[in-house]
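Chain by chain, the residues run as shown.
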Amino acid sequence: GELRPGPPDTGSLDWGDTAVALPTDCDATAPMPEGPFFRADAPTRTDLRTAGESGTVLHLSGVVRSAKDCALLGGAVLEIWHVQQDGEYDMDSSDMHYRTTLRIGFDGTYAITTLMPINYPNGAGITMPKHIHVKLNAHGHRECITQLRFDDDAFDDGMTIEETLLSATENADGSFSATFDFALAPS
């Protein structure tokens with residue numbers, strides 16, 4: 001047989017230098033009301049944009065962890081929904097616009113692309129701040145229902161929880177990116 005060289009000599013390589021440290025404090029994500037617009041069984045998709053609608057593109061990503069020990073929660077189910085660009089929620093079409101149900105992979109990460117939610121009148125004379133609804137479930141953890149809001153919204157209604165604010169940054173192409181990491185309390 002042919003001889004092949006062995007693995008390279010790593011010398012004094014310290015693998016501790018390349019390890020990713022887990023956070024040591026993962027407070028459970030603050031809850032907010034679900035609101036009246038949830039629909040079960042939204043399709044699995046990472047691009048929520050609707051053909052023909054224009055708006056500002058938003059890339060949202062992050063990780064899902066356990067508040068108990070900061071471990072990644074692969075297998076968690078993340079449901080996201082938000083208002084359409086006309087100020088209405090899709091409550092009856094089979095397309096279920098701006099809605100998704102994602103199963104979180106083993107690495108605990110999620111990433112979606114959508115259009116930035118808009119401010120809209122709620123019917124009671126109040127303009128709602130831009131927000132994204134979230135419902136998150138994982139085995140051995142309590143369900144988390146919350147809303148992600150934006151830190152620069154002129155229509156903040158006083159219900160915004162600082163820990164659920166998104167700080168979106170503009171990209172070179174005019175789209176925006178934001179990151180939000182969730183932590184679920186053990187049941």
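Here, residues in each chain are numbered from 1, in the same order as that chain's written sequence. Per-residue local features of the predicted model are confined to residues with pLDDT of at least 70, and side-chain atom pairs are confined, for both listing and counting, to 80 or more; whole-chain, interface and lining totals are unaffected and use all residues. Remark: hydrogens and water are excluded; side-chain values derive from all non-hydrogen atoms of the structure.

1. A short note on the overall build of the protein
Step number 1: Helix and strand assignments come from DSSP, with helices taken as H or I runs of at least 4 residues and strands as E runs of at least 2, each series counted from the N terminus. When its secondary structure is counted, the protein shows zero helices and twelve strands.
Step number 2: Each residue is assigned to one of three classes by its accessible area relative to the maximum for its type, calculated with a 1.4 Å probe on protein chains only: buried under 20%, partly exposed between the two thresholds, exposed over 50%. Within the protein, the fraction of its 187 residues that count as buried is 41%.
Step number 3: Considering only contacts within the protein whose residues lie at least 6 apart along the sequence, 71% involve residues at least 24 apart. A contact between two residues is defined here by any heavy atoms of the two lying within 4.5 Å.

2. Some remarks on the state of the cysteines
Step number 1: Whenever a pair of cysteine sulfur atoms sits within 2.5 Å, that pair is classed as a disulfide. Enumeration according to the criterion identifies one disulfide in this entry.
Step number 2: One disulfide in the model links C26 with C70; its S-S distance is 2.1 Å. Looking along the S-S bond of the C26-C70 disulfide, the torsion reads about 125°, which is the right-handed sense. Remark: C70 occurs in the loop between β1 (57–66) and β2 (77–81) and C26 occurs in the segment before β1; sequence separation between them is 44 residues.

3. What about the sheet that holds β2?
Within a beta sheet, neighbouring strands are joined by backbone hydrogen bonds and run either parallel or antiparallel to one another.
Step number 1: Here, a strand pair is defined by DSSP locating no fewer than two bridges between the strands. Read from one edge of the open sheet, five strands run β3-β2-β7-β8-β9, paired in mixed fashion. If you trace the sheet from one side to the other, it starts and ends with β3 (99–103) and β9 (165–166), each paired once.

4. Brief notes about the nonpolar core
Soluble globular proteins tend to bury their nonpolar side chains together.
Step number 1: The nonpolar core is taken to be a set of buried Ala, Val, Leu, Ile, Met, Phe, Trp, Tyr and Cys residues, with the residues joined through side-chain atoms within 4.5 Å. Formed by 28 residues in total, the largest nonpolar core has its most connected members in L60, I132, L136 and F182.
Step number 2: Where this core is concerned, the elements lending two or more residues are β1, β2, β4 (109–115), β7 (131–137), β8 (144–150) and β12 (182–184).
Step number 3: It is β1 that contributes the most residues to this core, four residues altogether.
Step number 4: If we skip the residues at most four places from it in the chain, L136 touches V64, A76, V77, L78, R142, E143, C144, F182 and L184.
Step number 5: Residues W81, V83, Y120 and M128 belong to the second largest nonpolar core, which totals five residues.

5. Digging into the side chain of H82
Step number 1: Along the chain, H82 falls in the loop between β2 and β3.
Step number 2: Its relative accessible area of 1% is what places H82 among the buried residues.
Step number 3: Contacts described as polar in this section are N or O atom pairs within 3.5 Å, which, within protein, must combine one atom able to donate a hydrogen with one able to accept it, while residues neighboring in sequence count only if both atoms come from side chains. A polar atom in the side chain of H82 sits 3.5 Å from the backbone oxygen of L115.
Step number 4: Sequence-distant contacts of H82, that is, excluding residues within four places in its chain, are made with Y89, Y98, T114, L115, P117, H131 and I132.

6. Remarks on the pattern of salt bridges
Step number 1: Salt bridge, as used here: a side-chain nitrogen of Lys or Arg that lies within 4 Å of a carboxyl oxygen of Asp or Glu. Under the defined criterion, the tally for this structure stands at five salt bridges.
Step number 2: The partner of D47 in a salt bridge is R49, and the shortest N-O contact between them spans 2.7 Å.
Step number 3: Taking the relative accessible area as the measure of exposure, R49 reaches 39% and is therefore partly exposed.
Step number 4: Here D152 ties to K130 by a salt bridge, and the two come within 3.9 Å at their closest N and O atoms. Highlighted residues: D152 in the loop between β8 and β9 and K130 in the loop between β6 (127–128) and β7, separated in sequence by 22 residues.
Step number 5: Relative accessible area serves as the criterion here: at 57%, D152 is assigned to the exposed category.
Step number 6: Given the relative accessible area of 16%, K130 is considered buried.

7. Examining the environment of G158
Step number 1: Within the secondary structure, G158 is located in the loop between β8 and β9.
Step number 2: In this structure G158 comes out as exposed when scored by relative accessible area, which is 65%.
Step number 3: Along the backbone, G158 and P129 are 29 residues apart, and their C-alpha atoms lie at a distance of 9.8 Å.

8. Focus on the confidence of the model for the protein
Step number 1: Each residue carries a pLDDT score, the predictor's own confidence in it, on a scale running from 0 to 100. Taken as a whole, the protein shows an average pLDDT of 89; of its residues, 87% reach a score of 70 or greater.
Step number 2: Below a pLDDT of 50 lies the segment residues 7–19, which in the model reaches zero contacts outside its immediate sequence neighbourhood of four places, other chains included.

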